[in-house]
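# Summary of structural features
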Amino acid sequence: TEILDRQCWHEYPFRTIELRSSLDGTQDYATSIQIFASHDVKDNKEKEHTPWTHPPICTEKLPSINDKLCIYTSTTFSSGRGISLFTTPALAAQFAALPAFQDPSALSSQSVNTQKNTYSISPIPGKGLGMLASKPLRFGDRVMAHTPAFIAYLESELSTAEREAWWRQAVEALPEEIKEKFLGLSFVYGDERVRVQDIVKANTFAVEIGGVSHLAVFPETSRVNHACGPNAQYIIDTEILTHYIHVTRPIAQGEEITISYTSPLYPTEIRNKHLEQGFHFTCTCPRCTSPSSSQTLDQIESFQNHLNDWSDTSPASPQMAENLLHLHRTEGLEGFMDISYGFAALAYNAVGDAEAAKQYAEKAREAVLMKDGAWADNLRIWEEMLGEGVEGHWSWRRRV
Ligand SMILES: C[S@@+](CC[C@H](N)C(=O)[O-])C[C@H]1O[C@@H](n2cnc3c(N)ncnc32)[C@H](O)[C@@H]1O
């Protein structure tokens, strides 16, 4: 039986986008494009476009999506922080219906967008700016929680120049402070004519609303650099459009805080390709340079296959599960141990060790929450196991 989906390591890696720029020899830049006033907002009455504080402005219908795309801005969102979207009217309505827009306390009750004393921004050799811990941080601590400044529907119909003009107008409509933060972010190509797309390319996370993936830029969060064995992990709560970063192993004061931009359990070549194509940097972290790292990944996969084998000849054992967990720690993969904690819970339960099974099911639950969030399907597996009592679980004494 395939008990766990071994491939669902990371549902929301940093998104990479294709961006044509002068470096690709494309010549289709324009400095302005015609903006069409939306038919929906002809009389411009504020109540007609609430919660947006500006009347939306829209493209013509784009054949590829059979809809128009419009700029929706709220300068009052999150106590005046502001947010701008470029999406379809139907999807904008879905965004507007979220608690992030509808419930005035949804963000403030979670202390979202408040400055935390957990980090400072500092130049990091070879990486541009980065985030340093301003005090010792422990497992589970929240580093930061922020909403995006800009969200865009990912179409492929507009030309680079047209898209730039639309996105730029959306960013221009933001309140000054967040706009400055956005425009000061790092970029990949360095071509002023495509600056907004360039910033989006270097700083995008994927956010799914209404079943449609959007690109989202969270300006404060964007300063966190990549490591293949990161000491922090992020989740995005789409209900309140909030990106959280939590600590996955103790971080010393002054140590850099990192997340992974790619799936850290993928082979080194695949991770490197993703980082080079998506973000134009060569990864020099220990896992990218150590030849033994690939063997460790193979070993992790092999242990997981054995632990997932419930036949009579399976070599699975609690000791194997402990070895598997140890391998994650030696690779700095503390933030990606949910599946392996789960295998440990099952391995102990299968030999009738209820205490250890419960402890590891609890750790699996905690790890899923930090990596995939409260809405993750795998969370249910461990909640059910803990809820019904491990002795009632199908795995109880299954290997005795
Ligand atoms: C989301 S930004 C991170 C913050 C960025 N360093 C800054 O100065 O704002 C992504 C960019 O940071 C740089 N970067 C991130 N992690 C890196 C790493 N491990 N090594 C080298 N450069 C890195 C790359 O230039 C990448 O395109």
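Structure shown above.
Bear in mind the structure is a predicted one, so any value in this text is a computation, not a measurement.

A few words on the sheet that holds strand β12 (residues 232-237). In space, the 3 strands of this open sheet follow the order β7-β13-β12, with antiparallel pairing throughout. What marks the edges here is a single partner per strand, and that holds for β7 (142-146) and β12. Pairs of neighbouring strands in the sheet enclose a mean axial angle of 15°, with direction left out of account. Note: β7 against strand β13 (residues 242-247), 4 bridges, orientation antiparallel. Paired with R142 across the bridge in β13 is H246. Those strands touched by helix α13 (residues 354-371) are β12 and β13, and its axis lies near 70° from that of β12.

In the vicinity of the ligand, 15 residues are found, and the nearest of them are K127, L129, R223, N225 and H226. In this structure, N225 approaches the ligand through a side-chain N or O atom, which is 2.8 Å from a nitrogen atom. For the ligand, a nitrogen atom lies 2.9 Å from a polar atom in the backbone of H226. The fraction of the free accessible surface of the ligand (560 Å²) that becomes covered by protein chains is 91%. Of all the secondary-structure elements, those providing two or more residues to the shell around the ligand are β6 (128-133), α7 (195-203) and β11 (225-226).

The mixed open sheet is built from 4 strands, whose spatial order is β5-β6-β14-β11. For this open sheet the edge positions go to β5 (119-124) and β11, each flanked by a neighbour on one side alone. Note: β5 against β6, 6 bridges, orientation antiparallel. Bridged to S122 within β6 is G130.

Quick look at the pattern of salt bridges now. The final tally for this structure, using the stated rule, is 17 salt bridges. Close ionic contact of R138 with D141 constitutes a salt bridge, the shortest N to O distance being 3.9 Å. Note that D338 and K371 form a salt bridge whose closest N and O atoms lie 3.1 Å from each other. Linking D338 in helix α12 (residues 338-350) with K371 in helix α13, this pair joins segments that are 33 residues apart in sequence. Several salt bridges converge on common partners, so that one network encompasses R81, K181 and E220.

In terms of burial, β12 is a largely internal element, 6 of the 6 residues being buried. Where burial is concerned, the two faces of β12 agree: the one with A232, Y234 and I236 and the one with Q233, I235 and D237 are both buried. With 6 bridges connecting them, β12 and β13 associate as antiparallel partners. The partner of I236 across the bridge, within β13, is H243.

Scanning the entire structure with this criterion turns up 1 disulfide. A disulfide bridge connects C58 with C70, and the sulfur atoms are separated by 2.1 Å. An S-S torsion of about 105° defines the bridge between C58 and C70 as right-handed. You can see C58 sitting in strand β2 (residues 57-58) and its partner C70 sitting in strand β3 (residues 70-74), a full 12 residues away along the chain. Note on C70: relative accessible area 1%, which makes it buried.

What counts, and where the lines are drawn
Residues numbered from 1 in each chain as written. Predicted model: local features only at pLDDT ≥ 70, side-chain atom pairs only at ≥ 80, totals over all residues. Heavy atoms only, no water. Pairing = 2+ DSSP bridges. Helix = DSSP H or I, 4+ residues; strand = E, 2+ residues; numbered from the N terminus. Axes fitted to C-alpha atoms, helices over the stretch in contact; angles between N-to-C directions. Contact = heavy atoms within 4.5 Å. Near = heavy atom within 4 Å. Polar contact = N/O pair within 3.5 Å; in protein donor to acceptor, adjacent residues only side chain to side chain. Areas by Shrake-Rupley, 256 points an atom, 1.4 Å probe, with all protein chains shown as cover. Salt bridge = Lys/Arg side-chain N within 4 Å of Asp/Glu carboxyl O. Buried < 20%, exposed > 50% of the residue type's maximum accessible area, 1.4 Å probe, protein only. Disulfide = S-S within 2.5 Å.

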